[in-house]
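# An overview of the molecular structure
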Amino acid sequence: MEHIDENFASLMKRAVSEFGISEENLIKLKSVKSIKNDGNSWTYNNKEILITSVLLLAVTVVPALMYTSALRGSDVTYNIFDRYFSYMYGSSALDETCLVPNTEYVQDPFRPPVDCTECIGVTGVHRVSNLSHADFLEKYAFSMQPVLIKDGQDGWTAKDAFSFDFFRRVYSQGSDALEKVTNDCQFFPYSTEFKDLGDMLNMSRERVEGQGRPWYVGWSNCDGKAANILRKHYKFPYFLPPELDHSKTDWVFMGLPGYGANMHIDAVGALSWQAQVKGTKKWILESPPECAGTCIGRMEIIVEPGDIVVLDTNKWFHATLIMGNETSIVIGSEYY
Ligand SMILES: O=C(O)CCC(=O)C(=O)O
Ligand SMILES: [Fe+2]
């Protein structure tokens, strides 16, 4: 190779000195360009770069341009964009509030990194009773230390009132509460086929009792009337200082032993408490990957009926599993 390059260079020099061809004109010659590129065209020599650029354009710039133009009202572009979107994500872009569907797989890479110094010294859950506002604020309210408040539900009647049939009555078929929750609140079907809360509350008696397909679901209650009925049976947790802001939306998670929520991390930006009204739930917490070696890798917390658990679900990856024989029912909410 070196030998050929030397000959080529000396030929070039001779062409300039003996034939009086200027160097600029010489390098413009097709044959000279071809020899310099080992006999290949520029396109052939740069094919990897070209293929990568075309692929990048196809998956990023083109859909982005189509989306922008679709937003400006072009039906044709929108249809092409929607076909692409359905092919990639399995649903119409019209059904999504976000451009990219919000699953744990796409959410996790975009969350802000956790400040890993917050989990130094956290090795397990703290178990407390009689928790004062000051202690809650200082030790737990905004920390990565999970805590079980063992007397958290003292004085509540939720454990006697909440059941599948209770929720079926609160959200009866055709009620305003069910319509509001179906249209405006969130429903997590987890691994079930349920479309919405109404669909779930319509399941057969056998299935409710565990003699059919398994089920585990969660929903947020954003209906005022239903909230008033639910709140007759539970109180604002006594350890939460009044100066904290409290979400008006409550969350219910309910389902059969042996099931629960898959491992995920939340991006709600607020911390939450969760009261284990019925059944026993195991929480499996895992360190976010950026804190490997600083945070404990994995922790398990068993939450029993009557307990309230407070943990930062935006910083710990978490999964849940219902233990024992009783259907699990929890109610919880967020605070800021
Ligand atoms: O209660 C469950 O099973 C899951 C709840 C959850 O993921 C959460 O509160 O962030
Ligand atoms: Fe979560």
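Residues numbered from 1 in each chain as written. Chains lettered and ligands numbered in written order. Predicted model: local features only at pLDDT ≥ 70, side-chain atom pairs only at ≥ 80, totals over all residues.

## Brief notes about the sheet that holds strand 4 (residues 216-221)
To keep it simple, the criterion reads: Note: two strands are recorded as paired if DSSP finds a minimum of 2 bridges between them. Secondary structure elements follow DSSP: runs of H or I no shorter than four residues count as helices, runs of E no shorter than two count as strands, and numbering proceeds from the N terminus. Whether two residues are in contact depends on their C-beta atoms, placed from the backbone: they are in contact if these lie within 7 Å. For helices, the fitted axis covers only the stretch in contact; all axes are lines through C-alpha atoms, and the angles between them, taken along N-to-C directions, range from 0 to 180 degrees.
Across the sheet, which stays open at both edges, the 8 strands sit in the order 1-2-9-6-11-5-4-3 with mixed pairing between neighbours. Looking at strand neighbours, the two that pair on one side only are strand 1 (126-128) and strand 3 (187-188), the edges of this open sheet. Alignment of strand 6 (residues 271-278) against strand 9 (residues 308-311), held across 4 bridges, turns out to be antiparallel. When the sheet's bridge partners are listed, Gln274 is paired in strand 9 with Val309. In the packing of helix 14 (residues 224-231) onto the sheet, the strands contacted are strand 4, strand 5 (246-255) and strand 11 (328-335), and the crossing angle to strand 4 comes to about 110°.

## Remarks on the sheet that holds strand 10 (residues 317-323)
Pairing between sheet strands relies on hydrogen bonds along the backbone, with the strands arranged either parallel or antiparallel. Here 3 strands make up an open sheet; going across it, the order is 8-7-10 and the pairing antiparallel. Edge positions in the sheet fall to strand 8 (298-303) and strand 10, since each of these pairs with one other strand and no more. Averaged over all pairs of adjacent strands, the angle between strand axes in this sheet comes to 20°, irrespective of strand direction. Alignment of strand 7 (residues 280-286) against strand 10, held across 7 bridges, turns out to be antiparallel. Bridge pairing in strand 10 places Leu285 opposite His318.

## Thoughts on the environment of Gly297
Just so we agree on the cut-off: In this scheme the burial state of a residue depends on its C-beta neighbours within 10 Å: 20 or more other such atoms mean buried, 12 or fewer mean exposed, and anything in between means partly exposed; the C-beta positions come from the backbone.
Among the structural elements, Gly297 can be located in the loop between strand 7 and strand 8. Taking the C-beta count within 10 Å as the criterion, Gly297 has 10 such neighbours and is therefore assigned exposed. For the pair Gly297 and Thr123, spaced 174 residues apart in sequence, the C-alpha to C-alpha distance is 9.5 Å. Once residues lying within four places of it in the same chain are set aside, the contact partners of Gly297 are Glu286 and Ser287.

## Description of the confidence of the model for the chain
In low-pLDDT segments, the atomic positions of the prediction should not be examined closely. What counts here: The predictor rates its confidence in each residue with pLDDT, a number between 0 and 100.
Averaged over every residue, the pLDDT of the chain is 85; residues scoring 70 or more account for 79%. In the model, residues 68-75 has pLDDT below 50 throughout and makes 5 contacts with residues more than four positions away in sequence or in other chains. Overall, residues 90-106 carries pLDDT values under 50, and its contacts beyond four positions in sequence, including any with other chains, amount to 15 contacts.

## Observations regarding the environment of Gln153
Following the sequence through the fold, Gln153 ends up in the loop between strand 2 (147-149) and helix 9 (158-161). Expressed as a C-alpha distance, the spacing of Gln153 and Pro237, which sit 84 residues apart in the sequence, is 7.6 Å.

## Some details on the site of ligand 1
Convention followed: Each residue receives a C-beta atom placed from its backbone. It is near a molecule or strand if this atom lies within 6 Å of it.
In the vicinity of ligand 1, the residues found are Phe253, Gly260, Ala261, Asp266, Ser272, Gln274, Thr313, His318, Thr320 and Val330. Every element with two or more residues in the shell around ligand 1 is listed here: strand 6 and strand 10.

## What to know about the pairing of strand 11
The element strand 11 is largely enclosed, with a buried count of 7 among its 8 residues. Sheet topology places strand 5 next to strand 11; 7 bridges connect them, and they run antiparallel. Within strand 11, the residue paired with Trp251 across the bridge is Gly332. Relative to strand 11, strand 6 runs antiparallel, the two sharing 7 bridges. Each bridged residue has a counterpart across the sheet, and for Leu271 the counterpart in strand 11 is Tyr335.

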